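# Observations on chain architecture
Take a look at the letters that make up each chain.
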Amino acid sequence: MSCHLSDESQRIDAASRLISIIDTLTLTGGSSNEGGSHETAIFSAIQDFLLVLSPHRPLYAGFHDGQVHNPLGGGAYAFKEGLISPTILSLMNDESTCIHRSSPGLTRPIIIHAGFQPNNSPHAGTLIVFSYAFLLAKAIHDEISAHGSAISVAVEIAIVDTAPISHETREIGGIQYQRAYRDDPAVLAAYMIDYEEVLDQMSKWSGISFRPTYQSDLFSHPELPKLLAYVVNHRARLASQLSPKYNTIALRAACPVPGCSLTEKHGILNQYTHNSITFYCPYHGEHSISLSQPSEIARLEANAPTRNLIRSMLHLLDKDAHHIRITGADYAGTYQEAFLYRPLAECLYVCNGGYETMEALGTDGLLSYARLRSKHGTQGLKRIWDEVERWITEPKNLFRASFSVEYLRAVLDGSNW
Ligand SMILES: [Zn+2]
């Protein structure tokens, strides 16, 4: 009780201070605002008020001038004159240096990659990545077509159906186990309908076709056994780089006993030989895959950093196609530097409860495509698409530090910074 009274009196105090500053403004019209002292006092009073408004979940005000969203720096300078021509030139250089030094122009198809874990209706970050993949494909296609090239440009969407079903994870004997979406088709299907709607729409808008792929496609690639042998042979060094926390390679295979399908999350109990990996199920014991049997390798799963490494190696070795991967900011930048190039730590996730605050702030349309559609109708997705299209025409926007939730709220509201 005393706690509630204290909260209430703090709210009253903070509200009174804010009102008294605004009262002063209404009386003086801000005429004595030397050095912006009114603004500073108001910002401070608003922040103080927010902290006590909901003390169990304090809010922090983010003020900006509408200019801060468009800083010019870094890659923005390099691509100031356009994004597409330099990208195509890079692909042409790749061909001429990798195959025949004198080979002119582009001869290989171009595949733009993006992916997702089907564990929610797609949120704004995923919608932006998808938009950018299709818009980049369209821009590249339009540019090379204008120069008479018939090279195909397509989008490939990797469905990470090996992602864990959150309510199916468990810890037994200090070891974490999980069950993947692909082992529970009904759960997998639950969100797929929203992804299909979004991808079909973007394919229509761009005129670019797309192909969904599954994790078994990645592990069925003819080059995969060779790369996997490399990973297994170098697992001691790679483990420290890909998993600083567990110092293991998170390769998994689901328990083959019907109805079980448990996998050990971090690969802590895996046993390796030069030709096999043996996995452990807490209920049914050991089971193995042979590294010389492609059909058994196709059963493998890998966590994000291991998958990222294997996929990147595969794309780099492919002499028959160009691969461009679009990755959201949480798995781009430093993440890639850490897990592709250097042994560094921890990836970032939204803290527990972070999404609830987005509801309080009215930005929950960004949480999922389902909410976006119900709050903003078909216009919501189109506004995100239009915003990302601006990144193609004005590349400086692509290279800004990040896009805040607040910025995206304004995009959905139709505001123009
Ligand atoms: Zn089992």
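Just so we're clear, the structure is a prediction, and the values are computed from it rather than from any experiment. (Residues numbered from 1 in each chain as written. Predicted model: local features only at pLDDT ≥ 70, side-chain atom pairs only at ≥ 80, totals over all residues. Heavy atoms only, no water.)

## Some remarks on the side chain of His-322
Here His-322 is to be found in strand β12 (residues 322–325). A distance of 2.8 Å separates the side chain of His-322 from the side chain of Glu-95, its partner in a polar contact. The residues touching His-322, leaving out its near neighbours within four places in the chain, are Leu-91, Asp-94, Glu-95, Leu-106, Arg-108, Pro-109, Ile-110 and Ile-111. (Helix = DSSP H or I, 4+ residues; strand = E, 2+ residues; numbered from the N terminus. Polar contact = N/O pair within 3.5 Å; in protein donor to acceptor, adjacent residues only side chain to side chain. Contact = heavy atoms within 4.5 Å.)

## Focus: the pattern of salt bridges
Two side chains carrying opposite charge are able to pair once their charged atoms lie near each other. A full pass over the atoms with the stated rule returns 14 salt bridges. Between Glu-301 and Arg-182 there is a salt bridge; the shortest N-O distance is 3.5 Å. One end of the pair, Glu-301, is in strand β11 (residues 301–302); the other, Arg-182, is in the loop between β4 (175–178) and α6 (185–206), and 119 residues separate them in sequence. Residue Glu-301 is classed as buried on the basis of its relative accessible area of 0%. Linked through salt bridges whose partners overlap, the residues forming this network are Glu-168, Arg-170 and Arg-179. (Salt bridge = Lys/Arg side-chain N within 4 Å of Asp/Glu carboxyl O. Buried < 20%, exposed > 50% of the residue type's maximum accessible area, 1.4 Å probe, protein only.)

## Observations concerning helix α2 (residues 37–53)
Here α2 contains 17 residues, and its C-alpha end-to-end distance of 24 Å stays within 8% of the 24 Å for a straight helix at 1.5 Å per residue. Every buried residue belonging to α2 is among His-38, Ile-42, Ala-45, Gln-47, Leu-50 and Val-52, and all of these are buried. (Expected span 1.5 Å × (residues − 1).)

## As for the confidence of the model for the protein chain
On average, residues of the protein chain score 85 in pLDDT, and 85% of them reach the 70 mark or higher. Ignoring residues within four places in sequence, the model shows residues 99–103, a span with pLDDT below 50, making six contacts including any to other chains. A low-confidence stretch, residues 342–346 stays under pLDDT 50, and its non-local contacts, those more than four residues away or across chains, total 11 contacts. (pLDDT = per-residue confidence, 0-100.)

## A word on the coordination of the zinc ion
Geometry sets the ideal angles at a metal, namely 109.5 degrees for four tetrahedral donors and 90 or 180 degrees for six octahedral donors. Taken together, the protein donors to the zinc ion comprise Cys-255 (SG), Cys-260 (SG), Cys-281 (SG) and His-284 (ND1), at separations of 2.2 to 2.3 Å. The site at the zinc ion holds four donor atoms, and with the angles between them running 105 to 114°, its shape is tetrahedral. If you list the donors of the zinc ion from N- to C-terminus, the spacing comes out as C-x4-C-x20-C-x2-H. Remark: Cys-281 occurs in strand β9 (residues 276–281) and Cys-255 occurs in the loop between β6 (251–252) and β7 (263–264); sequence separation between them is 26 residues. Grouping residues by exposure puts Cys-255 and Cys-281 together as buried. (Donors = N, O, S within 2.8 Å, 3.2 Å for Na, K, Ca; no water. Tetrahedral: all angles 85-135°; square planar, octahedral: opposite > 155°, others 65-115°.)

## Here's the deal with unusual backbone geometry
Located in the positive-phi region is Asn-247, a residue other than glycine, with phi close to 55°. Judged by relative accessible area, which is 47%, Asn-247 ranks as partly exposed. For Ser-261, which is not glycine, the phi torsion reads 60° and is therefore positive. Relative to the assigned elements, Ser-261 resides in the loop between β6 and β7. With a relative accessible area of 13%, Ser-261 lands in the buried category.

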